[in-house]
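# Geometric and topological summary
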Amino acid sequence: MAAWESLISDLSESRPEDDDDGDDSIASDDSDDDVDEFMNGSANSERAALPPPLFNGEEKMDQKLQNPDSSSSSRNIASESTTNVTTAVLSSQAPSRTLLEAPTYLNDWIAYYSIEYPPTANHMGRKMDDKYILNAAQIALSLAKYLGRNWRHVGMDDTDDSRRGDMSSCTISCEDIRVDNVMVKNLDSGEAVLKRTNGAASSSSNTERRQVLALGITFYELFTQGKPPPRQIQQSLKSTGSVMSFGTSLRISESNEDGDDRVTSGGSRRKNKDEEGADVNSSQESFVRKQRRRRCDEGKEESVPTLLKRAGVPSSISRLISDMLSNRDDVDFGGLFQYDKSVSCFDDAIMDLEQMIEQPKDFLYDTLRLNAKPTVRNKLYFRQRELEQGNELARRSAAWRLQEEEVGKECFEVALETDGSSSVKQEVLLVSGLPGSGKSSLVNELIAQLTSNGWESLHCKFDQFRRRQPLSTIASAFDRLFSSLIGTESGSAGGSDGNDTLRDIRVNLLKAFDEESYSILFHLIPDLRRVVSNDGNFADVQQMEYDEFDDSTVISSKIRVHNLFYELLKAISSSWNIPIVLFLDDLHWADSASLELITFLINEMDANITSDSVTAVRGTNVLIIGTVRTDEVQSSSDLAEFLEQIRSCYNVTVTDMALQDLSPSDINAMISEALCYSKRLTRSLADIVHHKSEGNPFFVKEFLNDLTVENLLVYSFSERSWEWDEELIESRTISDGVAEILTRKLLRLPKDQLLGLVMLSCFGSDVSFEVLALVKSFCGNSDIMNTLDSIAKARLVERTDEKYRFVHDMILNAAQEALDENERTNIMEELLQALLPHGYSDDTVLYIVVDLIARVGADRVHDSETRLLYAQLNLTAAKKATNTTDFASALTCVKCGISFLPADYWKNCYRLSLELFNQCILVDWALGSTEQMMASVDEVFSNANGFEDTLRAAKVKLAYLRMTGNRLSEAFAYGFQILEQFGESFPAAPENGTIVQELLATKQLVAGSQNESKLRSLPEMTDSKKLEAMTFLEEILICSYQSQSIYFPLIACRMVQITLQYGLAKTSCVGLSSVALSLVTVFGNFSEGYSLSKTSLIIAGSDTDKRVLCSIMLTGFGMINIWKEPIQAILPQLKDAYILSLKYGLINTALAAGVLHAYRAFFTGSLLKPLDKEVSLYMRNNLERHKRRLMHLSMLPVSNGITCLSGSSGPQYVEEYIMEEHLAEALQNKEFTVCESMLTFKLMCSFIFRRLDETKDVARQYLELFERASGASAQFINIYRNFYGGLLSLHFYRESQEQFWMDRATHAIQKMELWTAESIWNFENKLFLLQAERHYAFGEMDLAAEKYKLAETSSKKHRFIHEEALACELAAAFHKEAGDKKNVAELIDRAVECYQTWGAEGKVKSILLSP
């Protein structure tokens, strides 16, 4: 028996069955490292060992190695050579002992594991063990990588020691593998190195192709467990009279035709047959050598694939080896091989082997394939860079929370920058690409990664064919989230996490909304009702019906709904300690209402004017991701406007991610996995598919399926391979791209399935089971859901727990085009008949019905009753869409409804026609389509049967005239004309005496505690005409206030008189507060006006119409209470009025409250830095979002004043505070209050910075003008115009002694004395300072010194820190002028301290730089 055969026999006999504790089986750490390096294809290991054995059977092997003279081991098991080289190799591997712990050389490994993992027999014949095949593939990959790396260095100069040194570090486990005279054994170092071939080898034999052939021979023996390849294969490695053959250790060595088995110089040398003849024929001959001498039977040898198949080698390995061995020069043998698929480089072999090892089930083993169709994986191909970019955006989006947790709330406030912007940006990711490019797949994969890291998601998928249900997509996303939370709570009954999360959300929601808000949200998001309740009976929240919006608030209602969604999102995100990703899929199909809502949400995620700056910075902690088709952007004006708006948002970072087409190599990988076929073999097919599909992933998938159906791509079960005809595939023309393929695919379906698919497309991208149940027997189908289940098996649609949906939108489009228009319309008509009975009770069904009605069209409906029915359904849908602020959808429904009216509709269906046109007027007004609106108004006025039927149209027209701006006079005339119809007339040109008399009479009716008590107990107004009259009176009252008309007190008095006679209407409180304002501004009767203002607030209460409440708050807190209450106490109430007005969409009221708050905060000494943030944000939002130029102009003086006083960048000189063009613009628009405000700021800043001469001309020009214009009126800006105008006048009087200036100063002091009598807190310090300056001007030094001290003390006591600083500064100047210098320094220091506290760093610098 040969030595190797004896050893294997001994190992088999000595394998321990129960003993796992063999100490001598422990391998060294170095050996383990070598194994890892070799298996990973390392080129830098000192010795790359093969995978170790899985048994402890080295004891017998150790005994044989320790007894080299034994007859059973007279030769080294790794080599037949007895040279010193072999001994050196063995000793280098185990320097401290002779124990062989693992098969070291490839031949040993093959023989050893052939026994460890023997082949098995099955119905196919012989089958290699899967573990052996996988380990062998790992070895093959390592060897291929090693040889491939070295091949790239062929041709290096041997004399270059540095390069040679790099190569000498590469080793392999085969003892002496040499490929075509290039790889040889280094006798000195025992390492395998590269050397240039010298001598006999021809240059052609050095090609990579021949080396791959030699490696293929090695692979043949490796995977067949030592069987030699056919003789012709071995003879193919001829080189100048030599033939390459295998040595005993799988060494490709050079032997001549006579059998001289010697390696070239530098390699280990073996005995030739004559020298070792006896040894070769002895019983010591190795097992491996015997295997190599075996030959096939007489006659022609079988092909390599046949031999490999017989040996049980998997077909994938067989293909690789066969293609590697096809790199031969002998053309006579070519019939057995496929030369066009030959492996001619190492990279191809490496690519195959890597696929096999990474996915052995698909690419290595002979897995039984039951389906002969390509299966494109549900995975993302080659979008790793985009995924990384998306994850980076997510990290940035959530970074604020980590930052806040690390530094705390106080430190985190620094995130607000000086200009009011936040350093934490709202991140928006827009993914664009052509249809089928994988936009949704990319985002879904990104969301999957984010949710695995703790994120939550809201998925809104917009639908091309279902755009009539307003805000349904966004609302449904919230509804699904709440439903999931409720399910989580139910499923976590034993735990607390789900309960805690839902409890936190419930608490935040109950804080955020009132019952009126819930009545709207419950209609849009039904499951919200279950969330805010503590039990299943919903006892915590009343059952409220959905409340329709009033016509007068139709525009504000949109912003109100937007605010509700924003507060909802904020309440959810603040409840979780985790961020949220909002996925807006297919934005190009979003309805205009949804786009407006999304724009609003993105805008609101910027910082707002709130009392908590950290809350302002934090926003909602939401990452927004949207997908959009590149080819749809330009065709949709709504989408283009939306994208422009969000990109212009101040604190929003928009990242555009354009998906590119897949490359040919990407397509190849995709096809390879779909076919479970090597990328090397699918390369040519991939090139054709890429050319046809232009790299579109969805196109690739459908094109492959189409090729299979057309038998152009066929799987051979016998050969386990795919076959295709490249010329036929290349010749196929696809004129309409993937749409043509999908249409052909659908037309192959059975008729019932095609009809079911077309029916499904009529509903849009998905349809719920509840709706399908209503059309269960569609088109004669016994059960449409069974048909859809069959379609789902074809992967055209998919079924979820609650609905069916199309796998891709392009399939939906193909289904729409699969039948002609007439057949498709018949299907829609049948669906209409089935759904009509349910459209009245279910809003979802209603919107489906009106959508189908519009697509059927009025031309196909001839029955008059059916036409009227369709018109009525569209009117109902339009009203519901209007109530949810989807005005575009409402207009579409109205237009559709009008199209179904009969020819003489005003005569035949008057009431329906009137309602449709009134609704059309309303939605056109809301959309800003004023020309169309006025056309409909004229239509109503021309055909209405009476005055009452024109009132809705008249309200909209009056509001339009009032809001146009330059048509106020026309609005007055039109409003008084309508009031005449109600019996409420007014004088054409009222005199002052008439106004005073009317005010006095009304005051007698309402003033006093008894009258106020009577007002509170009035009944509710029920007279419908008077209710309408009160509505129009309020509209004209607003007109008169805007134009500062003398009609204002008359209209207010009339509203109070009607209230006293007919009862309280919701606008009665507006009349009361307007009368209170008139008492203050006309008579200067602060006490009675203040009392009546409080009464109006009490009557209004918190449950009244929020529009009315906000208006009363604005009038009371902003214009009346300032004369009686400490002004600092009013600032929070004004901010509340601003926030409440914004919440309910009352933009004009909110902007007015913002201006009033800013003015009062500035002039009362609020800290400049936080005020600057609020003012900057207000101006940015107003200019960018609401575009109210007048409001922006009103706030400009405050902004410039803060900028100059704080010393930041901006206007640095008085003349720059108010630009002349701004003043001229305000005067042109007759905005005298704005002009007075601009002047007042100019006077204030000039006086504070002591730039007095520059303001002298302006003061002379305007002070007397505004003094006469204001008369007895009392407005807030009058206070500071008189205060700073008086100080300037006294200064100029001291210089010139001109009586003009003293007259102005005297008037200012008289006013301040009057106002101080009403509120010492607000006005005393100002009066003291004016009196001190007057005494100073008259030379009354002692009295002046006393008044300066009183002014300083009063300012400090009443918390006017800026006026305390001014009093100290003026007192210091006075004492310095009087020669009393002992108090000057102390007063200046106190002034500097106060100015610094205020934030007026610019003024501080001015003081410090002054002499």
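Residues numbered from 1 in each chain as written. Predicted model: local features only at pLDDT ≥ 70, side-chain atom pairs only at ≥ 80, totals over all residues. Heavy atoms only, no water.

One key point about sheets: their strands pair by backbone hydrogen bonds, in either a parallel or an antiparallel sense. With antiparallel pairing, three strands are arranged side by side in an open sheet as 14-16-15. The open sheet has two edge strands, strand 14 (766-768) and strand 15 (797-799), and neither has a second partner. The sheet shows a mean angle of 15° between the axes of neighbouring strands, taken without regard to direction. The pairing of strand 14 with strand 16 (residues 803-806) spans three bridges and is classified as antiparallel. (Pairing = 2+ DSSP bridges. Helix = DSSP H or I, 4+ residues; strand = E, 2+ residues; numbered from the N terminus. Axes fitted to C-alpha atoms, helices over the stretch in contact; angles between N-to-C directions.)

Our next topic: the environment of E1298. Secondary-structure assignment places E1298 in the loop between helix 60 (1276-1296) and helix 61 (1299-1318). Look at E1298 and you get partly exposed, because its relative accessible area is 29%. Sequence-distant contacts of E1298, defined by excluding residues within four places in its chain, comprise R1260 and Y1293. At 2.9 Å, the side chain of E1298 and the side chain of R1260 are in polar contact. (Buried < 20%, exposed > 50% of the residue type's maximum accessible area, 1.4 Å probe, protein only. Contact = heavy atoms within 4.5 Å. Polar contact = N/O pair within 3.5 Å; in protein donor to acceptor, adjacent residues only side chain to side chain.)

On to the nonpolar core. Core analysis: the largest hydrophobic core is formed by 333 residues, its most contacted members being F565 and Y1284. Listed in part, the 44 residues of the second largest apolar core include I110, L215, A311 and L364. (Core = buried A, V, L, I, M, F, W, Y, C linked by side-chain atoms within 4.5 Å.)

Turning to the side chain of D352, a few remarks are in order. Relative to the helices and strands, D352 is located in helix 14 (residues 346-358). Residue classification places D352 among the buried positions, given a relative accessible area of 2%. For D352, the side chain forms a polar contact with the side chain of S678, separated by 2.4 Å.

Once that is clear, we can look at the confidence of the model for the protein. Of the residues in the protein, 72% have a pLDDT of 70 or more, and the chain-wide mean is 75. By mean pLDDT, the top-scoring element of the protein is helix 62 (residues 1320-1338) (95), and the lowest-scoring one is helix 4 (residues 84-93) (30). With pLDDT under 50 throughout, residues 536-549 is counted as low confidence; its partners more than four residues away or in other chains account for 30 contacts. Throughout residues 1210-1217 the model reports pLDDT below 50, and contacts reaching past four residues in sequence, or to other chains, amount to 24 contacts. (pLDDT = per-residue confidence, 0-100.)

Turning our attention to unusual backbone geometry. The phi dihedral of D586 is positive, around 60°, even though this residue is not glycine. Within the element layout of this structure, D586 appears in the loop between strand 9 (580-585) and helix 24 (592-604).

The side chains of a regular strand alternate, first on one face of the sheet and then on the other. Across three bridges, strand 15 lies against strand 16 in antiparallel orientation. Within the sheet, the bridge partner assigned to R799 lies in strand 16 and is Y804. Taking the residues between adjacent antiparallel strands as the criterion, strand 15 and strand 16 are bridged by three residues.

Right, let's get into the packing of aromatic side chains. The tally for this structure, following the rule as stated, stands at 42 aromatic pairs. When the centroid spacing of 5.4 Å and the interplanar angle of 45° are considered together, the rings of F976 and F986 count as tilted. On the criterion of sequence distance, the pair formed by F976 in helix 44 (residues 968-981) and F986 in the loop between helix 44 and helix 45 (992-1006) is long-range, its members being 10 residues apart. Each member of the pair, F976 as well as F986, carries the same accessibility label: buried. Between the aromatic rings of F1163 and F1241, the centroid separation amounts to 4.9 Å while the plane-to-plane angle is 45°, which identifies the pairing as tilted. Taken together, the residues F1163 in helix 53 (residues 1147-1163) and F1241 in helix 58 (residues 1232-1248) connect sequence positions 78 residues apart. Each member of the pair, F1163 as well as F1241, is classed as buried. Taken together, the ring pairs connect Y1159, F1162, F1163, F1241, F1276, Y1280 and W1398 into an aromatic cluster. (Phe/Tyr/Trp six-rings, centres within 6.5 Å; stacked < 30°, edge-to-face > 60°.)

Next up on the list: helix 65 (residues 1384-1398). In this model helix 65 runs 21 Å from its N-terminal to its C-terminal C-alpha over 15 residues, within 8% of the 21 Å that 1.5 Å per residue would give. Where helix 65 is concerned, the buried positions are V1384, L1387, A1391, V1392, C1394, Y1395 and W1398. Projected down its long axis, helix 65 shows its buried positions confined to an angular sector of 165°, all on one face. Residues of helix 65 that are exposed and point over 90 degrees away from its buried face: E1386 and D1389. Remark: G1399 follows helix 65 within two positions and exhibits a positive phi of approximately 105°. (Expected span 1.5 Å × (residues − 1). Arc of directions from axis to C-beta.)

Within the open sheet, the five strands sit side by side as 8-9-10-7-11. Their pairing is parallel. Only two strands of the sheet have a single neighbouring strand rather than two, namely strand 8 (456-461) and strand 11 (652-658). Looking at each pair of strands side by side, their axes are set apart by 15° on average, direction ignored. In this sheet, strand 10 (residues 622-629) lies alongside strand 7 (residues 426-433) in parallel orientation, the contact comprising six bridges. Its bridge partner being in strand 10, G433 is matched across the sheet by R629.

Once that is clear, we can look at the pattern of salt bridges. Counted by the stated rule, this structure contains 40 salt bridges. One salt bridge in this structure joins D656 and R647, with 2.6 Å as the shortest N-O distance. Residue class for R647 comes out partly exposed when judged on its relative accessible area of 41%. Of the charged contacts in the structure, one is a salt bridge between E1393 and R1390, with a shortest N-O distance of 3.3 Å. (Salt bridge = Lys/Arg side-chain N within 4 Å of Asp/Glu carboxyl O.)

What follows concerns a negative patch on the surface. On the surface, D687, D725, E726, E727 and E730 cluster together to form a negatively charged patch. For the negative patch, the leading source of residues is helix 30 (residues 726-731), giving three residues. Position of D725 among the secondary structure elements: in the loop between strand 13 (721-724) and helix 30. (Patch = residues over 30% accessible without salt bridge, like charges linked within 9 Å, V, L, I, M, F, W, Y side chains within 5 Å. Areas by Shrake-Rupley, 256 points an atom, 1.4 Å probe, with all protein chains shown as cover. Lys, Arg positive; Asp, Glu negative; His and termini not counted. Charge placed at Lys NZ, Arg CZ, Asp CG, Glu CD.)

Another point: the state of the cysteines. Taken as a whole and judged by the stated rule, the model has zero disulfides. Between C1245, a free cysteine, and C1204, which holds the nearest cysteine sulfur, the sulfur-to-sulfur gap is 5.7 Å. According to the relative accessible area criterion, C1245 is buried, its value standing at 1%. (Disulfide = S-S within 2.5 Å.)

Let us look at helix 47 (residues 1024-1042). Under the 1.5 Å per step criterion, the end-to-end length of helix 47 is 28 Å for 19 residues, consistent within 8% with the ideal 27 Å. Buried residues in helix 47 make contact with helix 43 (951-964), helix 44, helix 48 (1047-1062), helix 49 (1068-1083) and helix 51 (1106-1120). The opening residue of helix 47 is D1023, an N-cap whose side-chain oxygen sits 3.0 Å from the backbone nitrogen of K1025. Just downstream of helix 47, Q1044 is the residue with a positive phi angle, here 55°.

With their axes 10 Å apart at the nearest point, helix 51 and helix 52 (residues 1127-1143) run at an angle of 155° to one another. In terms of orientation, helix 51 lies roughly antiparallel with respect to helix 52. For the crossing formed where helix 51 meets helix 52, the hand is left-handed. Between helix 51 and helix 52, the contacting residues are L1109, C1110, M1113, F1117 and G1118 on the first element and I1130, Q1133, L1134, D1136, A1137, L1140 and S1141 on the second. Of the residues assigned to the contact of helix 51 with helix 52, the class counts are eight nonpolar, three polar and one charged. (Parallel < 35°, antiparallel > 145°, perpendicular 65-115°, else oblique. Left-handed = near helix turned anticlockwise from the far one by under 90°. Nonpolar A, V, L, I, M, F, W, Y, C, P; charged D, E, K, R; others polar.)

A separate point is the environment of A935. Take A935: it is sitting in helix 42 (residues 930-943). Taking the relative accessible area as the measure of exposure, A935 reaches 45% and is therefore partly exposed. In sequence terms A935 and I921 are 14 residues apart; their C-alpha atoms lie 8.6 Å from each other.

Another aspect to go through is the environment of I784. When you line up the elements, I784 lands in helix 34 (residues 784-793). Counting along the chain gives 32 residues from I784 to D752, while the straight-line C-alpha distance between them is 9.0 Å.

Moving on, we get to the side chain of S114. Residue placement: S114 occurs in helix 5 (residues 106-116). For S114, a relative accessible area of 15% gives the class buried. Once residues lying within four places of it in the same chain are set aside, the contact partners of S114 are P119, Y132 and Q225.

A word on a nonpolar patch on the surface. A cluster of nonpolar side chains, V996, L1000, V1082 and F1083, forms an exposed patch at the surface whose accessible area comes to about 260 Å². Listing elements by their share of the nonpolar patch, those giving two or more residues are helix 45 and helix 49. Its place among the elements puts F1083 in helix 49. We classify F1083 as partly exposed; its relative accessible area is 32%.

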